[in-house]
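An overview of the molecular structure
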Amino acid sequence: MVTLLEPCPTGSSGGIKWTLLFWTTLAVVVPVIITLWCSVQRSKRKIHMKDFFRKSKHGWHCTDLFNKPTYCCVCQQHILQGAFCDCCGVCADETCLRRADRSLVCKEIMAPSQTDGTLEHHWVRGNVPLCSVCAVCKEQCGNQPKLCDFRCVWCQTTVHDDCKPSLSDGERCELGEFRSLIIPPHYLHLVNKLRRRHPDEYSKLASACGSGWTPVLVLANTRSGNNMGEALLGEFRTILNPVQVFDLSELPPSKALQLCTLLPPGSVRVLVCGGDGTVGWVLDAIDTMKLKGQDQFIPRVMILPLGTGNDLSNSLGWGSGYAGEIPVEQVLRNLLEAEVVKMDRWKVQVASKGLYFRKPKVLSMNNYFSVGPDALMALNFHTHREKTPSFFSSRIINKAVYFMYGTKDCLVQECKDLDKRIELELDGERVALPSLEGIIVCNIGYWGGGCRLWEGMGDEPYPPTRLDDGLLEVVGVFGSFHCAQIQVKMANPVRLGQAHTVRLVLKTSRMPMQVDGEPWAQGPCTITITHKTEAFMLYHSAEQTDDDDESSISEAESSAPHDSPKPAGPASARA
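Residues numbered from 1 in each chain as written. Predicted model: local features only at pLDDT ≥ 70, side-chain atom pairs only at ≥ 80, totals over all residues. Heavy atoms only, no water.

1. Some points on the overall build of the protein
Under the convention used in this document: A helix here means a DSSP run of H or I that spans at least four residues, while a strand means a run of E at least two residues long, and both kinds are numbered starting from the N terminus. For each residue, the accessible area found with a 1.4 Å probe, counting protein chains only, is set against the maximum for its type, and the residue is called buried under 20%, exposed over 50%, and partly exposed in between. By definition, residues are in contact when any of their heavy atoms lie within 4.5 Å. With residues, only the protein chains shown are counted as cover, and all accessible areas are computed by Shrake-Rupley using a 1.4 Å probe.
Of the regular secondary structure elements, the protein holds 14 helices and 28 strands. Every one of the 575 residues in the protein was classed for burial, and the buried ones make up 47%. Long-range pairs, those at least 24 residues apart, make up 70% of the contacts in the protein between residues at least 6 apart in sequence. When the accessible area of the protein is evaluated, it comes to approximately 29400 Å², of which 55% is carbon and sulfur surface.

2. So, the sheet that holds strand S7 (residues 123-125)
Inclusion rule: We treat two strands as partners when DSSP finds at least two bridges between them.
Read across the sheet, three strands follow the order S7-S8-S9 without closing on themselves; strand pairing throughout is antiparallel. Two strands close off the open sheet at either side, each with one partner strand: S7 and strand S9 (158-159). Bridge count for strand S8 (residues 150-152) against S9 is two bridges, and the pairing is antiparallel. Residue pairing across strands places Arg151 opposite Thr158, the latter belonging to S9.

3. Let's talk about the UniProt feature "transmembrane region" (unreviewed entry) in the protein
Heads up, the rule is: UniProt positions are given in the numbering used here, feature names are shortened, and annotations may be inferred rather than shown by experiment.
Here the UniProt-annotated "transmembrane region" (unreviewed entry) positions come out as residues 20-40. End C-alpha atoms of residues 20-40 are separated by 30 Å, and the span's content is 100% helix alongside 0% strand.

4. Examining unusual backbone geometry
If you check the backbone angles, Lys138 has positive phi at about 65 degrees while not being a glycine. Within the secondary structure, Lys138 is located in the loop between S7 and S8. Relative accessible area serves as the criterion here: at 57%, Lys138 is assigned to the exposed category. Phi at Leu175 is positive, roughly 70 degrees, even though this residue is not glycine. As for its placement among the helices and strands, Leu175 is situated in the loop between strand S10 (172-173) and helix H3 (185-193).

5. Details of a nonpolar patch on the surface
What counts, and what does not: Residues with no salt bridge and a relative accessible area higher than 30% make up the patches, which join like charges within 9 Å and nonpolar side chains (Val, Leu, Ile, Met, Phe, Trp, Tyr) within 5 Å. Here, a salt bridge means any side-chain nitrogen of Lys or Arg that lies within 4 Å of a carboxyl oxygen of Asp or Glu.
A contiguous nonpolar surface patch, about 480 Å² in accessible area, is contributed by Phe22, Trp23, Leu26, Val30 and Ile34. Mapping Val30 onto the fold places it in helix H1 (residues 10-55).

6. Some points on H3
The complete set of buried residues in H3 reads Pro185, His186, Tyr187, Leu188 and Val191. Looking at the packing, one finds that the buried side of H3 touches strand S6 (119-120) and helix H4 (199-206).

7. Side note on the pairing of strand S4 (residues 82-85)
Bridge count between strand S1 (residues 60-63) and S4: four bridges; the pairing is antiparallel. Counterpart to Cys62 in the pairing with S4 is Ala83. Linking S4 to strand S5 (residues 91-92), which pair antiparallel, is a turn of five residues; within it Gly89 sits at a positive phi near 85 degrees.

8. Examining the nonpolar core
For soluble globular proteins, nonpolar side chains are generally found buried alongside one another. The criterion, for reference: Definition used in this section: a nonpolar core is a set of buried Ala, Val, Leu, Ile, Met, Phe, Trp, Tyr and Cys residues joined via side-chain atoms within 4.5 Å.
Ranked by size, the top nonpolar core spans 105 residues in total, and within it Tyr187, Phe236, Leu271 and Met537 carry the most contacts. Here the element with the most residues in this core is helix H7 (residues 276-291); it accounts for six residues. When neighbours within four sequence positions are excluded, Phe236 is seen to be in contact with Val218, Val245, Leu271, Cys273, Val328, Val331 and Leu332.

9. What about the sheet that holds S5?
Strand order in the open sheet formed by three strands is S1-S4-S5, and the pairing between neighbours is antiparallel. A strand with exactly one partner marks an edge of an open sheet, and here the two such strands are S1 and S5.

10. Here we look at the pattern of salt bridges
A full pass over the atoms with the stated rule returns 13 salt bridges. One salt bridge in this structure joins Glu177 and Arg333, with 2.5 Å as the shortest N-O distance. Separated by 156 residues along the polypeptide, Glu177 in the loop between S10 and H3 and Arg333 in helix H9 (residues 328-337) bring together distant segments of the chain. Glu177 gets classed as partly exposed once you look at its relative accessible area, which sits at 47%.

11. Some points on the packing of H3 against H4
The packing of two helices is summarised by the inter-axis angle and the distance between the axes. In plain terms, the rule: As a rule, the C-alpha atoms of each element are fitted with a line to give its axis, helices using only the stretch in contact, and angles between N-to-C directions run from 0 to 180 degrees. Here is the rule for handedness: rotate from the far helix to the near one, and if that takes an anticlockwise turn smaller than a right angle the crossing is left-handed, while a clockwise turn gives right-handed. By the convention adopted, Pro, Cys, Tyr, Trp, Phe, Met, Ile, Leu, Val and Ala count as nonpolar, Lys, Arg, Asp and Glu as charged, and the other residues, Gly among them, as polar.
At a minimum axis distance of 11 Å, the contact between H3 and H4 shows a crossing angle of 145 degrees. The interaxial crossing formed by H3 with H4 has right-handed handedness. Across from Tyr187, Leu190 and Val191 in H3, the residues of H4 making contact are Tyr202, Leu205 and Ala206. Counted by class, the contact of H3 with H4 contains six nonpolar, no polar and no charged residues.

12. Description of the packing of aromatic side chains
Put simply, the rule is: For this analysis, a ring pair means two rings from Phe, Tyr or Trp (six-membered ring only for Trp) whose centres lie within 6.5 Å, classed as stacked if their planes differ by under 30 degrees, edge-to-face if by over 60, and tilted for the remaining angles. The rule is short: NZ of Lys or CZ of Arg within 6 Å of the ring centre and within 35 degrees of the ring normal puts a charge over the ring.
Across all of its chains, the model carries five aromatic pairs by this definition. Where Phe52 meets Phe53, the ring centres are 5.8 Å apart and the plane angle is 50 degrees; that geometry is what we call tilted. No difference in accessibility class separates Phe52 from Phe53, as the two residues are buried. Measuring from centroid to centroid gives 6.4 Å for Phe66 and Phe84, while their planes differ by 65 degrees, and the two rings are edge-to-face. Pair noted here: Phe66 is in the loop between S1 and strand S2 (70-71) and Phe84 is in strand S4, with a separation of 18 residues, a long-range link. Phe66 sits in the buried class, given a relative accessible area of 13%. Looking at Phe84, the relative accessible area reads 28%, which means it is partly exposed. The lysine or arginine in question, Lys164, covers the ring of Phe150, its NZ or CZ lying 5.3 Å from the ring centre.

13. Here we look at the confidence of the model for the protein
Applicable threshold: The pLDDT value expresses, per residue, how confident the predictor is, ranging between 0 and 100.
Residues with a pLDDT of 70 or more make up 83% of the protein, whose mean pLDDT is 82. Within the protein, strand S11 (residues 216-220) carries the highest mean pLDDT (95), whereas helix H14 (residues 550-558) carries the lowest (39). Per-residue pLDDT stays below 50 along residues 1-5; that stretch engages in zero contacts with residues further than four places along the chain or on separate chains. Contacts from residues 544-575, a stretch scored under 50 in pLDDT, to residues over four places away or in other chains number 60 contacts.

14. Quick notes on the side chain of Ser313
For Ser313, the location among the structural elements is in helix H8 (residues 311-315). In this structure, Ser313 is in contact with Asp276, Ile303, Pro305, Trp318 and Gly319, ignoring residues within four places of it in sequence.

15. Let's talk about the packing of helix H5 (residues 229-239) against H9
Stated precisely, the cut-off is as follows: Relative orientations are named as follows: roughly parallel for angles under 35 degrees, roughly antiparallel for angles over 145 degrees, roughly perpendicular for angles from 65 to 115 degrees, and oblique for any other angle.
Two elements in contact, H5 and H9, have axes whose closest approach is 10 Å; the angle formed by their N-to-C orientations is 70 degrees. Overall, the two elements H5 and H9 adopt an arrangement that is roughly perpendicular. Both H5 and H9 take part in a crossing whose hand is right-handed. Counting all contacts with H5, which are made through Leu232, Glu235, Phe236 and Ile239, the residues of H9 involved are Val328, Glu329, Val331 and Leu332. Along the lines of polarity and charge, the residues of the contact of H5 with H9 split into six nonpolar, no polar and two charged.

Structure (structure tokens):
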């Protein structure tokens, strides 16, 4: 039997097409509408939570996934996402957040002491740090799958639930290992009650904080390097008084350093978490304190390098970059052991040719001034980072971009014939220049992200530089390729001499220039570099391991700012 398939009516075929079109449209439009609705709700929730966090006394931070087993401090249930306070360590899921904010007290930055003048323990239950040890029985804390055990948010003491009544010191808190760095809340309470704000009064109050009290202020740039600043701020707030920790993206260093004027003169240390530009920003704020007559409150400055180059940090023994390889507790221990050294700071005055009625541009210099290929690379990098800042959030990416621009300049040679366009004077003596593409004026031992520029290599060793002798080292380079050879120790720069005052005259055309990594394009001008002031810095002499070779040991020794001085003779030219 043969069955004949009759063709579908035209109207039925059109209905199927319209049905298919309807469901296809629905399948595309509905997910888009749902996505847009979720995006709007997420945006509203974010604004709402931001407003809630702003009004709260806790330092709340939301997270989609905790990095360890975490329990809500209110309902005691295990949570994967929620919020935590980076000051006191309280954790809560979203439904318990408001209740936690009302019922659980955060660290008090200013509060009266007990009747005997001591601080009371501030306990937070549960979520103690991994590998915590009970202060009573010396057994591990927080190893049960529930909200258990206690931690003091000031001294970081941990104790079991059952052992807590047996604490030897009861409720008396000694502020723990870093008591000499912490500003106790009762100190600020007493300062607030003072009728006469005088340095002598602060010194009297400081006697109650113990001998050797050197409070530290932490200033972090959350935009530097690998964007580790925000995480570091939370870790320092956990250990210190939150009033000691400042985010420079929210508060400029000039405002943050005013806390120094409420502390005993000469006792404060400042930990700057950022790159060389951030350090220069802080040192400029310290110079402003001097202009206000606050010299006695000037702090000592330590660096935690988060930037890309970190040449100043290298010169002071703090390394070429911090990536979380040591805990913040060790950073604070290093700060306690650091040595105070002086560092020259310089004034760079740029007077444009023909603009006699305009004030010269005045900049501060800590590391180096340069004109030529390295300044061109910095200028290109800076221009593109301003356009897409989110792309330059990694130290590795930043160095790769520098390498790309350096390779490009090797081919183009935009700065050639510099010797015909510029004149150089060292301490008033004219220096004959060879055929160069760049001139670098250095104050510190390191340049270009870790290269020891002045000392050189091979059979031309030179005495190491010093930070405090009032002398600048002036060298020349033949181009970007020569810069690369110097950085890998395959060549030496052209040593032009040392001087107390450096003067450069750019006669024609525009040239890229930079001061401490801040570049710009400059037309014909006269640049004068003179001594400005001295800053008190903290120097770290890192111990070498057995695996380090002899050259690395000698390099570390030569980097010390208190080593053998530079030759202090006349600023002679070197071809």
